[in-house]
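Single-letter residue listing:
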Amino acid sequence: MRRTFRLGLALLFAVRLAHADAPEPATLLGFSTERSTAERAIEQQLDRSMSAADQREWMKRLSAHPHHLGSPYGKQNAEFIAELYRSFGFDTRIEEFRVLFPTPKLRKLELVAPTSFTASLAEPAIPGDSTSGQTAEMLPPYNVYSIDGDATAELVYVNYGIPSDYEELDRRGIDVKGKIVIARYGHSWRGIKPKVAAEHGALACILYSDPADDGYGQGDVYPKGGWRSDQAVQRGSVSDGPLRSGDPLTPGIGATADAPRIDRKDAATLTKIPVLPISYADALPFLRALGGPVAPESYRGGLPMTYHLGPGPAKVHLALAFNWDMATVYDVIATLSGAELPDQWVIRGNHHDAWVHGATDPLSGQVAMLAEAKAIGALAKSGWKPRRTIVYASWDGEEPGLLGSVEWAETHAVELQAKVVAYINSDSNARGFLGLGGSHSLEAFLNDVARDVVDPEKGVSAFERARSYQRLNGTPDEKREARDRANLRINALGSGSDYTPFLQHLGIASVDVGYGGEDEYGQYHTAYDSFDHFVRFVDPDFTYGVALAQTGSRTVLRLAQADVLPFEFTGFADNLALYADQVRELADGLRTEAEDQNRLIADGAYAQVFDPKKTYVAPKPKDPVPYLNFAPLQNAVAAVQKSAKAFSAAAADRARSGRPYEAAELENLGKLLIDSERALTRPEGLPGRPWFIHQIYAPGFYTGYGVKTLPGIREAIEARNWDLTAKEVELVAGTLRGYAAQIDKATAALGGR
């Protein structure tokens, strides 16, 4: 049956130029005035049905035992979640995948000189934490996807173990080749630390949590306070996630039971050296035994000692061996079919596996998502049907490397790229401020969602509270924007959660939502991330769980119900212009740095300053930075800006005209908007890592979770590869011209200019 939809005069596709203090818009992006009123009424109905008691009950059940990938309780949790979705009225199935998941067989760490000490490598039970004694069910502290290894060598302290730390060591004449390094967690994803250590010739890597970062340097430790105690250890994956995510043995294809698998020796994402995490109680004797130069101020943590760099006289023996077994992933997929546009899908996801009990990570987000699904399911049982299909996904195997979401996305890639409107992710949740990240074509849309959610602590909108925080605590530019810009900028996404395969591998517009910043979450990936810890120190009454459910349900419903999909491109164009300026300024900064350093070397300044004991080594001359032509990039950005403005003007003109949309017209426009994010990809992917095909957002090769925008250009500049930089400028410019053309097609479909 052909249907028409009359959009009201105030359909807000045009960029909002009003001052940030303007009142809440009456019309939602993508909706008519009449349908905006109806949508808000439904959302308020859902708000009233959100139950904190439900979330508390579900979390207590799901976190009652360790539920890592491959564990019996992990499977039970998947089955429990599936039954909940079915009871909510969703068509639900569990999809299984077989993945490589090594577990520890041998873990040994000893100080063998100048004194002896053996690390405990264990987390004891804590009084008052009712599940912390379930050691027989827990995976012990380890780093998954470390290789087996046995090494004895002198120890070197490398601070956070990121590239700039090794540059500092080089300036001090300290070489880690043939040594074992010890690095503290933080300032980069953990998998970067052994990667960089191996590149510098280290034999093994030890990771520890320094109390300055998430222990007593932040506040009282557990159980008195929520922060990390001296024997708590951060588990986690050290696979080379910036190379690609997912199962190490099935690169680029879904890890189904019959999938072809490569040999483990050919798995590029396994570490090159053995890696082991320890507590700061275990780390202290090793660090105390170090000699050598006193560490610079930026290397000093919170332990009661003088930090030295080494190497030696501390000598360490580390031995690791793993059971290289396969495990089954249980992804729970729950679907509510769309009544009018069933082949346009809105996917909402959060993972259910944890390293141990996982109350905060991930169950705080999982139970909020279940609350959303229950409320939407109750609405459907009353006779309401979504216009587009809604899919709720509870992923397994996120912690080892986004295994559940990646293998599902790779298995269904063709269908997902054809049908998915957007992917909406969350992970951990806590008290505090709303955090938003994602595709900037959804920036205006997410700001509208934030304006309609009430912060439970302050009684103002989540948008207003986040804006007030930025006004008080932001940089000067952020403070200015909080006053003058209509919308808050959302964060660009790197990696570290399940949006990665959708956004960066398939080119599906994605967002990540969650609250936090006022909690005492020092138990990340430990045995003490428990229900008891959560209800004392993270979100005791689950009010921010309710806030997340309200935020997530609005995001899902508005995407599913909008007359015209709420994509808006001027926000993307604005952020894109910033990124283009940043890469040009990066090159200019490196040019100035090289010129200054080489001038000092030529003038003999370093020789006059550094002492004859060579406690600090003069740097080598740097290659000069040549002229780089950024004009193609700047012209392409200008084209996107022009196309974005034309689209907004056409959308506003169409709304003012009152001319109805035919069903076929809406379907065509929807397809053009869905494919707009795909237009930001190249099938060849990024240099050296073809799995990441998005040209605007990617995890940094040496940051991991941290995003690199315009990654091909930015990382070529950072690597001082000027030929590659010039090539990437041209390639990205071509991608952006294609994106502008895609926006122009959508403008034409609106009947625009």
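Further up the page is the structure itself.
Note that the structure is a prediction, hence the values are computed from the model and not measured. (Residues numbered from 1 in each chain as written. Predicted model: local features only at pLDDT ≥ 70, side-chain atom pairs only at ≥ 80, totals over all residues. Heavy atoms only, no water.)

Novice: Can you help me understand the overall build of the protein in this one?
Specialist: The number of helices and strands found in the protein is 23 helices and 20 strands. Computed over C-alpha atoms, the radius of gyration of the protein comes to 26 Å, within 12% of the 27 Å expected from 2.2 N^0.38 for 753 residues, which places it in the range of a compact globule. With the C-alpha coordinates aligned to their principal axes, the bounding extent of the protein is approximately 80 × 65 × 50 Å. Of all 753 residues assigned to the protein, the portion counted as buried reaches 61%. Sequence separation of at least 24 residues holds for 79% of the intrachain contacts in the protein that already meet a minimum separation of 6. As presented, the protein carries roughly 27,300 Å² of accessible surface, and 53% of it is formed by carbon and sulfur atoms. (Helix = DSSP H or I, 4+ residues; strand = E, 2+ residues; numbered from the N terminus. Rg over C-alpha atoms; globule rule 2.2 N^0.38 Å. Buried < 20%, exposed > 50% of the residue type's maximum accessible area, 1.4 Å probe, protein only. Contact = heavy atoms within 4.5 Å. Areas by Shrake-Rupley, 256 points an atom, 1.4 Å probe, with all protein chains shown as cover.)

Novice: I'm lost on the nonpolar core in this one. Help?
Specialist: General note: in soluble globular proteins, nonpolar side chains tend to be found buried as a group. Counting residues in hydrophobic clusters, the biggest one holds 215 residues, and the most contacted among them are Tyr85, Tyr208, Ile376, Tyr392, Leu416, Leu633 and Leu736. Filtering out sequence-adjacent residues up to four positions away, Leu416 remains in contact with Trp345, Ile347, Trp408, Ala409, Phe502, Leu506, Ile508 and Arg678. (Core = buried A, V, L, I, M, F, W, Y, C linked by side-chain atoms within 4.5 Å.)

Novice: How do you make sense of the side chain of Ser279 when you look at a structure like this?
Specialist: For Ser279, the position within the fold is in the loop between β10 (275–278) and α7 (280–288). Judged by relative accessible area, Ser279 falls into the buried class, the value being 2%. Looking at Ser279, its side chain comes within polar contact range of the main-chain nitrogen of Asp282, at 3.1 Å. Here Ser279 is in contact with Tyr208, Asp230, Gln231, Ala232 and Val233, once residues within four sequence places are set aside. (Polar contact = N/O pair within 3.5 Å; in protein donor to acceptor, adjacent residues only side chain to side chain.)

Novice: Looking at this structure, how should I read the pattern of salt bridges?
Specialist: Opposite charge on two side chains lets them pair, provided their charged atoms get close. According to the stated counting rule, one finds 42 salt bridges in the structure shown. Measuring nitrogen to oxygen at the nearest pair gives 2.8 Å for the salt bridge that ties Glu95 to Arg93. With its nearest N and O atoms 3.0 Å apart, the salt bridge here joins Glu415 to Lys419. Highlighted residues: Glu415 and Lys419, both in helix α11 (residues 413–419), separated by four residues, approximately one helical turn. For Glu415, a relative accessible area of 32% corresponds to the partly exposed category. Residues joined by salt bridges that share partners form a network here, namely Arg40, Glu43, Asp47, Asp452, Arg554 and Arg558. (Salt bridge = Lys/Arg side-chain N within 4 Å of Asp/Glu carboxyl O.)

Novice: Would you mind going over the pairing of strand β11 (residues 315–323) with me for this structure?
Specialist: Along any regular strand, the residues point their side chains to alternate faces of the sheet. Within β11, seven of the nine residues are buried, which leaves the element mostly enclosed by the surrounding structure. Bridge count for strand β3 (residues 103–113) against β11 is nine bridges, and the pairing is antiparallel. Within β11, the residue paired with Arg107 across the bridge is Leu320. In this structure, strand β6 (residues 149–157) lies alongside β11, joined through six bridges in antiparallel fashion. The residue of β11 that forms the bridge with Glu154 is Lys315. (Pairing = 2+ DSSP bridges.)

Novice: Please explain the sheet that holds strand β7 (residues 180–184) as it appears in this structure.
Specialist: Hydrogen bonding along the main chain pairs the strands of a sheet, whether they run parallel or antiparallel. Reading across the sheet, the seven strands line up as β4-β3-β11-β6-β7-β8-β10 and stay open at both edges, with mixed pairing between neighbours. One side of each edge strand has no neighbouring strand; the edge strands of this open sheet are β4 (117–118) and β10. Of the pairings in the sheet, the one linking β7 to strand β8 (residues 204–208) comprises five bridges and is parallel in character. From the neighbouring strand, Arg184 faces β8, where its bridge partner is Tyr208.

Novice: Even after reading the chapter, I still don't get the packing of helix α13 (residues 462–473) against helix α14 (residues 476–484), so can you show me in this structure?
Specialist: Helices that pack against each other are described as a pair by the angle of their axes relative to one another and the distance between those axes. The contact between α13 and α14 brings their axes to 7 Å, and the two run at 140 degrees. The angle between the axes of α13 and α14 places the two elements in the oblique class. Relative to α14, the crossing made by α13 is left-handed. Of the residues in α14, those in contact with Arg467, Gln470, Arg471, Leu472 and Asn473 of α13 are Glu478, Lys479, Glu481, Ala482 and Arg483. Counted by class, the contact of α13 with α14 contains two nonpolar, two polar and six charged residues. (Axes fitted to C-alpha atoms, helices over the stretch in contact; angles between N-to-C directions. Parallel < 35°, antiparallel > 145°, perpendicular 65-115°, else oblique. Left-handed = near helix turned anticlockwise from the far one by under 90°. Nonpolar A, V, L, I, M, F, W, Y, C, P; charged D, E, K, R; others polar.)

Novice: Explain the packing of aromatic side chains here, please?
Specialist: Any pair of aromatic rings gets described here by the distance separating the centres and the angle formed by the planes. The full count for this structure, using the stated rule, is 29 aromatic pairs. Judged by centre distance (6.2 Å) and plane angle (55 degrees), the rings of Trp58 and Phe88 are tilted. With Trp58 in helix α2 (residues 52–62) and Phe88 in helix α3 (residues 72–88), this residue pair connects regions lying 30 residues apart in the sequence. Exposure remark for Phe88: the relative accessible area of 6% places this residue in the buried category. Measuring from ring centre to ring centre gives 5.3 Å for Trp395 and Trp408, while their planes differ by 55 degrees; the resulting arrangement is tilted. Of this pair, Trp395 sits in strand β14 (residues 388–395) while Trp408 sits in helix α10 (residues 403–411), and the two are 13 residues apart along the sequence. Taken individually, Trp395 and Trp408 each receive the classification buried, so the pair is uniform in this respect. We note Arg654 situated over the ring of Tyr661; from NZ or CZ to the ring centre the distance is 3.8 Å. (Phe/Tyr/Trp six-rings, centres within 6.5 Å; stacked < 30°, edge-to-face > 60°. Lys NZ or Arg CZ within 6 Å of the ring centre and 35° of its normal.)

Novice: Would you mind showing me how to read the pairing of strand β12 (residues 326–336) here?
Specialist: With respect to burial, β12 is a largely interior element, ten of its eleven residues being buried. Strand direction decides the pairing type here: strand β2 (residues 91–100) and β12, joined by ten bridges, are antiparallel. For Phe97, the partnering residue across the bridge sits in β12 and is Val329. Relative to β14, β12 runs antiparallel, the two being bridged by five bridges. Within β14, the residue paired with Ile333 across the bridge is Ala393.

Novice: Just to check I follow, could you spell out the sheet that holds strand β16 (residues 432–438) for this structure?
Specialist: With mixed pairing, seven strands are arranged side by side in an open sheet as β2-β12-β14-β13-β15-β17-β16. Unpaired on one side and paired on the other, β2 and β16 mark the two borders of the sheet. The mean inter-strand angle of the sheet, taken between neighbouring strand axes irrespective of direction, is 20 degrees. Two strands pair when backbone bridges link them, and strand β15 (residues 420–425) and strand β17 (residues 510–517) are joined in this way by three bridges, in the parallel orientation.

Novice: Just to check I follow, could you spell out the environment of Glu137 for this structure?
Specialist: Its place among the elements puts Glu137 in the loop between β4 and β5 (143–144). Residue classification places Glu137 among the partly exposed positions, given a relative accessible area of 37%. Separated by 249 residues in sequence, Glu137 and Pro386 place their C-alpha atoms 42 Å apart. Setting aside its immediate chain neighbours within four residues, Glu137 contacts His65, Pro66 and His68. A polar side-chain atom of Glu137 sits 3.0 Å from a polar atom in the side chain of His65.

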